[in-house]
Amino acid sequence: LITRSVRLKSHKSPPLVPATRFLTGGETFAPNESPSTMTITPAQIQSASQALRSVLRFDYPADSVLSHFFRDFRELGARDRAFVAEAVYGVLRRKRTLERLCGERSSTRHLVLAWLARVEGTTLRQLGEGFHGRDTDFFTEIKGRELGEVGLAEAADLPDWLAERLSAFMSPDEVLRLAQSLNRPAPLDLRANPLKLDRDALVDKLKADGVGCAPGRFSPLAVRLEGKPALQKHPLFLDGSFEVQDEGSQLLGFLLQPKRGEMVVDFCAGAGGKTLLLGALMRNTGRLYAFDVSDKRLTNLKPRLARSGLSNVHPARIEHERDQKIKRLAGKADRVLVDAPCSGLGTLRRNPDLKWRQDETSVAELTVKQAAILDAAATLVRPGGRLVYATCSLLSAENDDIVAAFLEKHPDFSLLPASAVLGKQGIACEGDVLRLLPHKHNTDGFFAAAMERKA
């Protein structure tokens, strides 16, 4: 129940890779190059159309499909790969608008051309030699085509069911603002490793190396980069001084607020981004368990652990939430983080395919899993201990409703106001729960609730 299935893309941050290589969540071009300024070739359009055709089957996450596509077509250069990835993600973000503009001619080739013409602002002059008349005629026609009157879901480039869910607690104007933010690529955030150096020192060192960056707005450890520079071989990355982690994700660790010498459990650890943060906040003391059902994800944690300098982390694969390893810790943990498997709809800036791959049925299935996982994790918390439930979803069904049902079922737990917990650490937050939205906070969408087991 803890695993994120192949249909459900997790919100883990993308790895650091060169800017001209494929990145989970959208590709960037080489500096000063984008579809709006570069000359487009027929071969690039053909490759992007072919890749998009595979992605739109929605059998697997878009990043996985593109990775396979690039392995199959190794002859593509870095510039062509970048264009293909950018085109695929661009169409996924604006699919409803582009399909409406194309009408019955919504072939993947037409969708890519329409994205260039209407979203990227590419001019006819930028279409290089070799395009036939049908392409250039369509390109010119689509430039001036009127969209006409559209409903909220179409205007927001969202499926009807999702627009309806969001409208239940947002005004139409706010749904549009949220959607516009979700339809832009996410910035790239780093997290300083306080065991190696503080955030300000990291900013200074990166700037000295010509990397544009600035301190994050919320997390005391966050650094926001300008663009997506290639840092995977940077000495500060190799020595564990920083990791890639969305600023919103970092706040979950501060909400759990682990202390020196405590026993802490990351119940759904994945590849361990938040695990590494928790271990650093514990100053490498105490005992930190990283549970997950996937050997592969825990294996991916090992090199990150080695770089981080942490020795208090104990990765452990479990079969399910009733595993014997969990039962042995019943009532002993000081803090437990449940970063639950979810729809991932708060990460649409990175994973725009999720809004087309998810539906109301998959969300309903997830809420059953989320409730079961939270119940199991709660058994680990000692009296007086803290439990944090978090998702990267925007939906009340996966967030507020899960917490409300849990508190009603477990009167020995009470809600800790997030504003008070984070405020004491100098982090601005309003309300009883942490609720981050891309259009307001420029982070991924996150929900988190902190609860305390009564002593």
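Model, not experiment: these values are computed from the prediction.

About the thresholds
Residues numbered from 1 in each chain as written. Predicted model: local features only at pLDDT ≥ 70, side-chain atom pairs only at ≥ 80, totals over all residues. Heavy atoms only, no water. Phe/Tyr/Trp six-rings, centres within 6.5 Å; stacked < 30°, edge-to-face > 60°. Buried < 20%, exposed > 50% of the residue type's maximum accessible area, 1.4 Å probe, protein only. Lys NZ or Arg CZ within 6 Å of the ring centre and 35° of its normal. Helix = DSSP H or I, 4+ residues; strand = E, 2+ residues; numbered from the N terminus. Pairing = 2+ DSSP bridges. Axes fitted to C-alpha atoms, helices over the stretch in contact; angles between N-to-C directions. Parallel < 35°, antiparallel > 145°, perpendicular 65-115°, else oblique. Left-handed = near helix turned anticlockwise from the far one by under 90°. Contact = heavy atoms within 4.5 Å. Nonpolar A, V, L, I, M, F, W, Y, C, P; charged D, E, K, R; others polar. Salt bridge = Lys/Arg side-chain N within 4 Å of Asp/Glu carboxyl O.

Trainee: Just to check I follow, could you spell out the packing of aromatic side chains for this structure?
Mentor: The relation between two aromatic rings is expressed through the spacing of the ring centres and the mutual angle of the planes. As enumerated under the stated definition, the model contains seven aromatic pairs in all. For the pair Phe-237 and Phe-242, a centre-to-centre distance of 5.7 Å together with 40° between the ring planes defines the contact as tilted. Overall, Phe-237 belongs to the buried group, its relative accessible area being 12%. Relative accessible area serves as the criterion here: at 0%, Phe-242 is assigned to the buried category. Among the aromatic residues, ring-to-ring pairing joins Phe-69, Phe-70 and Phe-73 into one connected group. When the ring centre of Trp-356 is taken as reference, the NZ or CZ atom of Lys-95 above it lies at 4.6 Å.

Trainee: When you look at unusual backbone geometry in this model, what are you seeing that I'm missing?
Mentor: One non-glycine residue, Phe-58, adopts positive backbone phi at about 60°. Mapping Phe-58 onto the fold places it in the loop between α1 (42-55) and α2 (62-72).

Trainee: Help me out: how do you make sense of the sheet that holds strand β3 (residues 222-225) in this one?
Mentor: Whenever strands of a sheet pair, they do so through backbone hydrogen bonds, lying parallel or antiparallel. Ordered in space as β2-β3-β1-β4, the four strands form an open sheet in which the pairing is antiparallel. The open sheet is flanked by β2 (213-215) and β4 (242-244), the only strands paired with a single partner. Each adjacent strand pair in this sheet contributes to an overall mean axis angle of 30°, direction not counted. Pairing of strand β1 (residues 189-192) with β4, which is carried by three bridges, proceeds in the antiparallel orientation. Looking at the pairing, Arg-191 lines up with Glu-243 of β4.

Trainee: Help me out: how do you make sense of the packing of α1 against α2 in this one?
Mentor: The geometry of a pair of packed helices is captured by two quantities: the angle between their axes and the separation between those axes. Where α1 contacts α2, the two axes come as close as 9 Å, and the packing angle between them is 135°. One element, α1, and the other, α2, form an angle in the oblique class. Helix-helix and strand crossings are classified by hand; for α1 and α2 the assignment is right-handed. For the pair α1 and α2, contact is made by Ser-47, Gln-50, Ala-51, Ser-54 and Val-55 and by Ala-62, Val-65, Leu-66 and Phe-69, respectively. A per-class count over the contact of α1 with α2 returns six nonpolar, three polar and no charged.

Trainee: Please clarify how the pattern of salt bridges should be interpreted in this entry.
Mentor: Charged atoms that come close allow side chains of opposite charge to pair. Tallying each qualifying case throughout the model produces 27 salt bridges. With a closest N to O distance of 2.8 Å, Asp-157 and Arg-94 form a salt bridge. Here the residue Asp-157 occupies a position in the loop between α7 (152-155) and α8 (160-167), and Arg-94 occupies one in the loop between α3 (78-93) and α4 (95-102), the gap between them amounting to 63 residues. A salt bridge links Lys-440 to Glu-174, with the shortest nitrogen-to-oxygen separation between them at 3.4 Å.

Trainee: How should I be thinking about the packing of helix α5 (residues 108-119) against helix α6 (residues 133-144) in this particular structure?
Mentor: In contact at an axis separation of 9 Å, α5 and α6 are set at 50° when each is read in the N-to-C sense. With respect to α6, the axis of α5 lies oblique. In the packing of α5 onto α6, the handedness of the crossing is right-handed. Along its contact with α5, which presents Arg-109, His-110, Leu-113, Ala-114, Leu-116, Ala-117 and Arg-118, the element α6 presents Asp-135, Phe-138, Phe-139, Ile-142, Lys-143 and Gly-144. Counted by class, the contact of α5 with α6 contains seven nonpolar, two polar and four charged residues.

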